[in-house]
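Commentary on secondary and tertiary structure
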Amino acid sequence: MCGIIGILSHQPVTGRLIDGLRRLEYRGYDSSGIATIHDGRIDRRRAPGKLDNLVAVLATDPLPGTSGIAHTRWATHGAPTTDNAHPHATEQVALVHNGIIENFKPLRAEVLAAGRTLTSDTDSEVVAHLLTMALDAGATPDQAVADTLKRLHGAFSFAILFRNHPDAMYGARRGSPLVLGYGSAEMFLGSDALGLAPFTNRIAYLEEGDWVRLGRDGAQVFDAEDRPVTRPVITSSASAAVIEKGNYRHFMEKEIHEQPIVVAQTLGAYVDPLAETIKLPALPFDLADVKRIQIVACGTSLYAGQVATYWLESLARVPVQIENASEFRYRDPVYEPGGLALFISQSGETADTLAALRHAKAGGQHIAAVVNVASSSMAREADLVLPTHAGPEIGVASTKAFTCQLAVLAAFAIALGKAKGRIDAAEEARLVHLLTEVPAAMNNALKTEDTIHALALPLSKARDILYMGRGPDYPMALEGALKLKEISYIHAEGYAAGELKHGPIALIDENVPVIVIAPSGPRFEKTVSNMQEVMARGGLVYLLSDADGLAEHGSSATATIPMPMVDPFISPLVTAVPIQLLAYHVALAKGTDVDQPRNLAKSVTVE
């Protein structure tokens, strides 16, 4: 989602604003821009497309100034054009905005009725004019910000410059994160700590409804009621080093190959390998009392949650319900007193998931959050935080964050089963031992890359590709299809293998490849019977299985994708690797932008 950087300094800021935007590229964007104050006026440079386009503009038309704001935009209102790119400005105000102003239409009508001219299709420009109208009516910048924020409905964060107040900068957040950075005689604003890491590691997180006035030597934060408040300044662990691809062609490829290491790091936080037990963070409630679990997530995180439902119900015998975060609130869910609501999000800022978390919290649920950013909004608002340790994930399509989520959820399922008395110490030890085998198994799975690369070119020519699996392999089929469509732009769908005959089999012909996820085990024969139904109708079957499965049925498939032999309990973690590699190599064959696929954002901070 959109990235924001603001710097208030005594030194020129344009170069550093570009550096900050570089670190926010992973969030996804389709245009970028910078505004500064110099020579008593606001000046801007903007460009559609990649950040290099803005750099080229600046090379021919430099932008001086010691205070500035910068932005990478992911389009919501209005196409990705120069006019719609941020910052938006009037003669008196410039701002950058992340989020959506839900009531912008009546506000836009009000601005136009006042005789003002709008040059973009965005909701953001309307806010710049509202602030200017407040100034024209005699308001101070403090008053203009406070009063205008109260008129806005939706989720947003802002960084704002006022032409006649070059020694100040303003920020605000509601539903969308914003970080305040403290430097030496300079101050910063950013969408996240990673963007500010080259400049400072002393940061404060604005809380919901906060707005802030920055000077070069400090800042004053105000809450939603405009009362001065203090937010704790912490030392960020975000690295100032630029995250590099190393010897890899893309961040996604690098992050796929990092999985054995980061999954081992994550498991190290939850597993005692000597005692072969699970160690969870301190719990504010008794796991033995949990009678029902509601899992809420979006996208890839939702599929991690779907895998977890199999683990939780089989190991702990606790009923589990899972739902898309974007739909959760709209069915007016019924909460059981003392129930556990489990939220999964890589960023911890996903707007729909965060809104669902607050809904469940208001409904009296215990709140647990599986997040990769321990300082995120979800982590701060949850009762129990279950952090993954994937490190920054730059590729928009999630890979290592997904498998680290699976690792945490598997550990949590074991702990819940033990707390509920459904598994004994011996079974806990067996399952923990299996988890310790995952990193090595993932490493072996990476060795299949050459085989997968050879299959990519013919698959890249397909218009439609189907995935199917049973049990926990069904959400893995959904994840495989999502990865492929995200980065290759090939239409792909995942199905429960047994559901194919209830409609989707009508899609099968000699031009439709079907990826069958079927490691050997208790569901293998039934999945293979569904595979045979596809083959009988001319479908092209690509069988993903282990040595036993391929020995039994691999010869009848169009092609095979080998995976290591592992216990069914840990199979989803290992299956993820060839699924990701397949999507990656098909996208390479298609020539798409793997790390920053069109129309997508890394962290979706609007509903």
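Our subject is the structure listed above.
For the structure given in this document, a descriptive report is provided here. For clarity, every value in this text was computed on a predicted model and none was experimentally measured.

1. Details of the pairing of strand E10 (residues 187–190)
In E10, alternate side chains face the same way, and those of Met 187 and Leu 189 on one face and Phe 188 and Gly 190 on the other are all buried. Relative to E10, strand E1 (residues 3–8) runs antiparallel, the two sharing four bridges. Considered in E10, the bridge of Ile 7 is made with Phe 188. By the bridge criterion, four bridges tie strand E9 (residues 179–182) to E10 in an arrangement that is antiparallel. Within E10, the residue paired with Tyr 182 across the bridge is Met 187. Linking two consecutive strands that pair antiparallel, namely E9 and E10, is a turn of four residues; a positive phi of about 60° is found at Ala 185 within it.

2. A short note on the packing of helix H3 (residues 104–113) against helix H4 (residues 124–136)
Viewed as axis vectors pointing N to C, H3 and H4 meet at an angle of 50°, and their least axial separation amounts to 10 Å. Considered as vectors, H3 and H4 are oriented oblique to each other. Note on packing geometry: the crossing formed by H3 with H4 is left-handed. Of the residues in H4, those touching H3 at Phe 104, Leu 107, Arg 108, Glu 110 and Val 111 are Val 126, His 129, Leu 130 and Met 133.

3. Looking at the pattern of salt bridges
Taken as a whole and assessed by the stated rule, the structure comprises 27 salt bridges. Glu 207 serves as the salt-bridge partner of Arg 231, at 3.4 Å between the closest nitrogen and oxygen. Here Arg 231, found in the loop between strand E14 (228–229) and strand E15 (234–235), pairs with Glu 207, found in the loop between strand E11 (202–205) and strand E12 (211–215); they are 24 residues apart in sequence, far enough to count as distant. A salt bridge links Lys 483 to Glu 486, with the shortest nitrogen-to-oxygen separation between them at 3.1 Å. Pair noted here: Lys 483 and Glu 486 are both in helix H17 (residues 473–488), with a separation of three residues, about one helical turn. Taken as a pair, Lys 483 and Glu 486 share a single burial class, namely buried. Each member of the salt-bridge network shares a partner with another, and the members are Arg 41, Asp 43, Arg 45 and Asp 61.

4. So, the packing of aromatic side chains
Evaluated as defined, the whole model comprises seven aromatic pairs. Arranged with centres 5.1 Å apart and planes meeting at 40°, the rings of Phe 156 and Phe 158 form a pair that is tilted. As far as the burial class goes, Phe 156 and Phe 158 line up, both buried. Ring geometry for Phe 188 versus Phe 199: centroids 5.4 Å apart, planes at 10°, classification stacked. A residue pair is termed long-range when its members are at least 10 positions apart, and Phe 188 in strand E10 and Phe 199 in the loop between helix H6 (193–196) and E11 qualify at 11 residues.

Rules and cut-offs
Residues numbered from 1 in each chain as written. Predicted model: local features only at pLDDT ≥ 70, side-chain atom pairs only at ≥ 80, totals over all residues. Heavy atoms only, no water. Buried < 20%, exposed > 50% of the residue type's maximum accessible area, 1.4 Å probe, protein only. Helix = DSSP H or I, 4+ residues; strand = E, 2+ residues; numbered from the N terminus. Pairing = 2+ DSSP bridges. Axes fitted to C-alpha atoms, helices over the stretch in contact; angles between N-to-C directions. Parallel < 35°, antiparallel > 145°, perpendicular 65-115°, else oblique. Left-handed = near helix turned anticlockwise from the far one by under 90°. Contact = heavy atoms within 4.5 Å. Salt bridge = Lys/Arg side-chain N within 4 Å of Asp/Glu carboxyl O. Phe/Tyr/Trp six-rings, centres within 6.5 Å; stacked < 30°, edge-to-face > 60°.

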